[in-house]
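Secondary and tertiary structure notes
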Amino acid sequence: MVPPTRDSDILILGAGGAGLFAALHAHKAAPQLSITVAVKGLLGKCGCTRMVQGGYNVALAKEDSVERHFMDTIEGGKWLPDQELAWQLVTLAVERIHELENELGCFFDRNPDGTVHQKAFAGQTFDRTVHKGDLTGIEIINRLAEQVWARRIQRLEEHRAVELIKTPAGDAIAGVLFIDMRTGDYLFVRARAVLLATGGGPTMYRYHTPSGDKTCDGLAMALRAGLALRDMEMVQFHPTGLLAGMHTRMTGTVLEEGLRGAGGHLLNGTRERFMPAYDAKAERATRDLVSRAMFTEMRKGNTTPHGGLYISMGHLGPARVRQEFKGMVERCADCGFDLAGGLVEVVPTAHYMMGGVEFGPDCTTALPGLFVAGEDAGGVHGANRLGGNGVANSTVFGAVAGDAMAAWVRSQGLRQPDSRAIDAAIARCERPLASARGDLEALRERLYDTMWERVGILRNASGLAQARTELDGLAAELERTGVGESTRAFNLSWHDWLNLQSLVAVSQAIAQAAAARQESRGAHYREDFPNTGALEASAYTSIRADGTVTMKPVAFTRVRPGQSLLKHAA
Ligand SMILES: Cc1cc2nc3c(=O)[nH]c(=O)nc-3n(C[C@H](O)[C@H](O)[C@H](O)COP(=O)(O)OP(=O)(O)OC[C@H]3O[C@@H](n4cnc5c(N)ncnc54)[C@H](O)[C@@H]3O)c2cc1C
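In this report, we go over the structure that sits alongside the text. (Residues numbered from 1 in each chain as written. Predicted model: local features only at pLDDT ≥ 70, side-chain atom pairs only at ≥ 80, totals over all residues. Heavy atoms only, no water.)

Let's shift gears to the site of the ligand. Inspection of the region around the ligand gives 39 residues, with Cys48, Thr49, Asp213, Lys214 and Val391 positioned closest. Between Gly390 and the ligand, the recorded distance is 2.9 Å, taken from a backbone N or O atom to an oxygen atom. Bound to the protein, the ligand loses 98% of the 1,000 Å² it would expose on its own. Going through the elements one at a time, helix 1 (17–29), strand 2 (35–39), strand 7 (159–166), strand 14 (343–353) and helix 10 (389–409) are the ones with two or more residues in the shell around the ligand. A per-element tally of the shell around the ligand places helix 10 first, with four residues. Looking at the shell around the ligand, its residues break down into 13 nonpolar, 19 polar and seven charged. (Near = heavy atom within 4 Å. Polar contact = N/O pair within 3.5 Å; in protein donor to acceptor, adjacent residues only side chain to side chain. Areas by Shrake-Rupley, 256 points an atom, 1.4 Å probe, with all protein chains shown as cover. Helix = DSSP H or I, 4+ residues; strand = E, 2+ residues; numbered from the N terminus. Nonpolar A, V, L, I, M, F, W, Y, C, P; charged D, E, K, R; others polar.)

So, in structure tokens, the structure goes:
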């Protein structure tokens, strides 16, 4: 059965920085093309680009350089990034920030002399983070959305992509199968080029920062389509997620890094400062080090009422804290905490996946016609992402993908889909509707436990082996669990089931990649292999749906470990 079908020259999945930039660039390159943006939520209101607080890394100042930004990215990524992708990131970020300001209408903060203000962000040798207060993402996504609305770009809102459909021969993508969440009906969109920009999102961890619409659907679809994912073991944790109990979605949301930067202290359950015992930089150490120290303290059991730790700012003077961190003070007050003068419960929180679909500098993938950009794409950041390189990544590669798709479709026609693949995808999605209602909440709790305890901040072989068994069990049990509701319109239990299916599949990939990397590097820490291997022999993990992991050598195309592109450091 082929469901109702519509055609589009270009189909974009996701409406974050990557998806919207792709739409605008494709439209600019070829205004006659039909372009459709399909999104699980509402355009302009969902995804993580909107949530960007800190800002956007770009080498603008004359004392800075793209070479310096590049070296920070490579060294921050512990020599695992693909160097051509990282080079694209730092060089094209300069073009994109000018486009954001001068063509799309973003207002970023400025210095008294009129130059763009750039602030310090951890892990960088230069203050290069462009921002709009601490609500940079709202400025970017609002302007992008307005520009998309103003053009002849089609929108499919509250449409969830459920399968990438290939041709019967499997040699190219033919289109994408959706569920219209408002009615529960299926829709197939044929397209000459498709962009995967659904934004990854490590929401399989008990504590996490990304928006709730992100459940790794794009990565799960890519695996099912036979594509390889790289660097999946690399999950970044932010040290200070708010911890206010599991009854509130505020738990897990970020309390910004500036609190530690300004001199905030982390305390254990008995209110003793513990970070100096772990690192000379104490609370100002990098995200991975602080998260590890916090997790170790929590494992000792000396925790706060909700099972975390405290951040304390009062010694800096409540008036100063209220003035410098107004938004954070208000956020904490909403949850009953006094950040300015008291203690706030915090916990490390899963923030970003460095891993994603293997892709080339022109955003192509191994499946002809399928492009990828943003957080769904792997290889730009290697073992760690610098704060501020996330939104740069999504806007830079979104624009590249838009240009590349506009060029690609010139020589491409629409392709016929494999109708058996559509049938199989519909059958997969229908299964939970046909089975008796089960306890999805209990399955989600088990997923949270497995990923947090065994595939999170501290990992070891036996924990990862146990996790893989547990995840296999969860996948099988989810298959037997139904949602038992006949109504299809806005059936959130049904979508919860589909979310869990994506999350379990991608969790399996994370656990398998983590087991394969027998060293510690960047965000990936193995208690049984605490050292980093030889940088010269750096290799990245590449995993497919059957669980096979291949270690592929990193090509040092621009600089080798021990060298630098900076003249004074050479
Ligand atoms: C709280 C927070 C603060 C951050 N702060 C910063 C910062 O200061 N600087 C920085 O550089 N980075 C920051 N990041 C990271 C940054 O937000 C992301 O790296 C980047 O915005 C991702 O862009 P994207 O376009 O790939 O995905 P997103 O912007 O997340 O968009 C993904 C889109 O895909 C849609 N989607 C998902 N699944 C489907 C589906 N099945 N079908 C259709 N559509 C789907 C979603 O609804 C959404 O529209 C932050 C992240 C968070 C969570």
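Next comes the rest of the write-up.
Here Ser312 is to be found in strand 13 (residues 309–312). Since its relative accessible area comes to 12%, Ser312 is described here as buried. Discounting chain neighbours no more than four positions away, the residues touching Ser312 are Gly264, His265, Leu267, Gly342 and Leu343. (Buried < 20%, exposed > 50% of the residue type's maximum accessible area, 1.4 Å probe, protein only. Contact = heavy atoms within 4.5 Å.)

Moving on, we come to the nonpolar core. Generally speaking, soluble globular proteins have nonpolar side chains that are buried together. Leu13, Tyr56, Leu339 and Ile510 are the most contacted members of the largest nonpolar core, which totals 160 residues. Per element, the largest residue contribution to this core is twelve residues, and it comes from helix 14 (residues 492–516). With sequence-adjacent residues up to four places away left out, Leu339 is seen in contact with Leu259, Ile311, Met313, Val321, Met328, Val329, Cys332 and Val344. Among the nonpolar cores identified, the runner-up in size contains 20 residues, and Met71, Ile74, Trp79 and Trp87 belong to it. (Core = buried A, V, L, I, M, F, W, Y, C linked by side-chain atoms within 4.5 Å.)

So, on to the side chain of Asp72. Relative to the helices and strands, Asp72 resides in helix 2 (residues 66–76). Among the polar contacts made by the side chain of Asp72, one reaches the main-chain amide nitrogen of Thr125 at a distance of 2.9 Å. Those residues within four positions of Asp72 in sequence are excluded, and the remaining contacts are Gly123, Gln124, Thr125, Phe126, Arg128 and Leu386.

Sheet architecture is open: four strands sit in the order 11-14-13-12, paired in antiparallel fashion. Of all the strands in the sheet, the pair left with one neighbour each is strand 11 (235–242) and strand 12 (265–267). Along the sheet, successive strands turn relative to each other by an average axial angle of 40°, direction set aside. Two elements, strand 11 and strand 14, share six bridges in a ladder whose sense is antiparallel. For Phe237, the partnering residue across the bridge sits in strand 14 and is Ala350. (Pairing = 2+ DSSP bridges. Axes fitted to C-alpha atoms, helices over the stretch in contact; angles between N-to-C directions.)

When the terminal C-alpha atoms of helix 10 are compared, their 30 Å separation across 21 residues agrees well with the 30 Å that a helix rising 1.5 Å per residue should span. Among the 21 residues in helix 10, 18 count as buried, and that is most of the element. (Expected span 1.5 Å × (residues − 1).)

Oppositely charged side chains may form a pair once their charged atoms are brought near each other. Under the criterion given, the structure shown has 42 salt bridges. The shortest N-O distance in the salt bridge between Arg155 and Glu157 comes to 3.7 Å. The class of Arg155 is partly exposed, set by a relative accessible area of 38%. Where Lys326 meets Glu330, a salt bridge forms, and the shortest distance between an N and an O atom there is 3.1 Å. You can see Lys326 and its partner Glu330 sitting in helix 9 (residues 326–334), four residues apart, about one turn around the helix. (Salt bridge = Lys/Arg side-chain N within 4 Å of Asp/Glu carboxyl O.)

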